[in-house]
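A closer look at the structure
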Amino acid sequence: NRDEVPSARLLANLPVETVIEAVADHFGTTPAALAHRRSAAPGRDLAAWLARRYTSATLRELAGPFGLGHPDSVSNLVRRANKALEQSKSLRQEIATIRNRLAKTENRV
């Protein structure tokens, strides 16, 4: 098994903090609210989902910013976000809005 970040994720190498800030701003909360363990802050699952797609951070590296003690817990957040996105058209539209914001951020960096 190779322990490398997939090349597609390297292309969109935003800092984790940038993704978390964009999601927190979109949902009208703070990045610190998303970092609390067992936080019910809106968008926490989506922040993890976006961080997996737009950063090169590993699950282990994402655990800290989300206040989690184990990398598998990040997978749980991502899994919940996937399920919610499959079921909600409005949530998919919100993700599109956040992605547009991140794309503008990516171009500035």
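Scroll up a little and you will see the structure.
Residues numbered from 1 in each chain as written. Predicted model: local features only at pLDDT ≥ 70, side-chain atom pairs only at ≥ 80, totals over all residues. Heavy atoms only, no water.

Within the fold, T29 resides in the loop between α2 (16-26) and α3 (31-35). Taking C-alpha positions, T29 is 9.0 Å from G43, a pair spaced 14 residues apart along the chain. When sequence neighbours within four positions are dropped, the list of residues in contact with T29 reads A24, L34 and P42. (Helix = DSSP H or I, 4+ residues; strand = E, 2+ residues; numbered from the N terminus. Contact = heavy atoms within 4.5 Å.)

What follows is about helix α6 (residues 71-87). Relative to the 24 Å expected for 17 residues at 1.5 Å per residue, α6 spans 25 Å between its end C-alpha atoms, a close match to the ideal helical length. Those residues of α6 that sit buried are P71, V74, L77, V78, A81 and L85. Seen along its axis, α6 keeps its buried residues to an arc of 110°; they face one direction. Opposite the packed face of α6, turned more than 90 degrees from it, sit the exposed residues R79, K83, E86 and Q87. (Expected span 1.5 Å × (residues − 1). Buried < 20%, exposed > 50% of the residue type's maximum accessible area, 1.4 Å probe, protein only. Arc of directions from axis to C-beta.)

Now for the nonpolar core. One finds V19, L34, W49, L50, L62, F66 and L102 to be the most contacted residues of the largest nonpolar core, which totals 31 residues. Elements represented by at least two residues in this core include exactly α2, α3, α4 (44-54), α5 (59-63), α6 and α7 (89-108). Sort the elements by how many residues they give to this core and α4 lands first, with seven residues. Not counting chain neighbours up to four residues away, the residues in contact with L62 comprise V16, A51, R52, T55, A57 and V74. (Core = buried A, V, L, I, M, F, W, Y, C linked by side-chain atoms within 4.5 Å.)

Once that is clear, we can look at the pattern of salt bridges. One pass over the full model with this rule turns up two salt bridges. The salt bridge partner of R101 is D25, with a shortest N-O separation of 2.8 Å. Placement of the pair is R101 in helix α7 and D25 in helix α2, with a sequence separation of 76 residues. The salt bridge partner of D45 is R80, with a shortest N-O separation of 2.9 Å. Remark: R80 occurs in helix α6 and D45 occurs in helix α4; sequence separation between them is 35 residues. (Salt bridge = Lys/Arg side-chain N within 4 Å of Asp/Glu carboxyl O.)

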